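# Overview (structure and organization)
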Amino acid sequence: MVSYECKVRSIEPLRYIGMYRAISDCDSVEITLEMNEKLMKISEGDDLVINISTSKKECLQHHFCGKGHVVSVTKLDNTYRVVVSIAGILVVIKMKEQPKSPFKVMNELYIGVSKKQ
């Protein structure tokens, strides 16, 4: 399990009605999360907890819980990029260090997202 405490830097609307992209700074990691406003409303400046694990039980403790798969792990310049697809909704994690387990292509992961109290 990997857990990040994040601050939402910006929100970008997407082409589909109700869909948006939340870009968050999480310590030394940047996480971009696509979301539907009917599932969870995230605003610029919100503090989030993003939990990435292989445990459904842990994920269900969060406001949003989605099951997805790692679709790619790439290195661009000096940054690694992990892309997780949750039924077409993307979560992109950018980090300086090489990703370790559970970030392997085709691994099934649970992404839990909650607003920090």
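Attention in this report is confined to the structure presented alongside it. Remember, it's a predicted structure, so these values are computed and weren't measured experimentally. (Residues numbered from 1 in each chain as written. Predicted model: local features only at pLDDT ≥ 70, side-chain atom pairs only at ≥ 80, totals over all residues. Heavy atoms only, no water.)

## Here's the deal with unusual backbone geometry
Despite not being glycine, aspartate 27 has its phi angle at roughly 55 degrees, a positive value. Inspection of the secondary structure assignment puts aspartate 27 in the loop between strand E2 (19-26) and strand E3 (29-36). In this structure, aspartate 77 is a non-glycine residue whose phi angle is positive, near 55 degrees. Tracing the chain through its elements places aspartate 77 in the loop between strand E5 (64-76) and strand E6 (79-86). (Helix = DSSP H or I, 4+ residues; strand = E, 2+ residues; numbered from the N terminus.)

## Describing the layout of surface pockets
By volume, the largest pocket amounts to about 180 Å³. Class assignment for the residues of the lining of the largest pocket results in five nonpolar, three polar and three charged. (1 Å grid on protein atoms, 1.4 Å probe; cavity = no way out; pocket = protein on both sides within 12 Å on 5 of 7 lines; lining within 4 Å. Points joined across faces, edges and corners; volume = space filled by probe spheres on them. Nonpolar A, V, L, I, M, F, W, Y, C, P; charged D, E, K, R; others polar.)

## Observations concerning the side chain of aspartate 46
By the secondary structure assignment, aspartate 46 is in the loop between E3 and strand E4 (47-53). Exposure remark for aspartate 46: the relative accessible area of 17% places this residue in the buried category. In terms of polar contacts, aspartate 46 uses its side chain to reach the backbone amide nitrogen of serine 43, at 2.8 Å. Beyond its immediate chain neighbours, meaning those up to four positions away, aspartate 46 contacts Cys6, Lys7, Val8, Lys41 and Lys115. (Buried < 20%, exposed > 50% of the residue type's maximum accessible area, 1.4 Å probe, protein only. Polar contact = N/O pair within 3.5 Å; in protein donor to acceptor, adjacent residues only side chain to side chain. Contact = heavy atoms within 4.5 Å.)

## A closer look at the sheet that holds E5
If you trace the eight strands once around the closed barrel, you get E1-E2-E3-E7-E6-E5-E8-E4, paired in antiparallel fashion. Averaged over all adjacent pairs, the angle separating strand axes in this sheet is 35 degrees, with direction ignored. With six bridges joining them, strand E1 (residues 2-13) and E4 adopt antiparallel strand pairing. Each residue of the ladder has a partner; that of cysteine 6, found in E4, is leucine 48. (Pairing = 2+ DSSP bridges. Axes fitted to C-alpha atoms, helices over the stretch in contact; angles between N-to-C directions.)

## Focus on the pairing of E3
Looking along a regular strand, one sees side chains alternate from face to face of the sheet. Along E3, seven of the eight residues are buried, which leaves the element largely enclosed by surrounding structure. For E2 and E3, the ladder comprises eight bridges, and the chain directions are antiparallel. Bridge pairing in E3 links cysteine 26 to valine 29. The antiparallel hairpin formed by E2 and E3 contains two residues in its connecting segment, where aspartate 27 sits at a positive phi of about 55 degrees. Pairing of E3 with strand E7 (residues 89-95) involves four bridges; the strand directions are antiparallel. When the bridges of E7 are listed, glutamate 30 appears paired with lysine 94.

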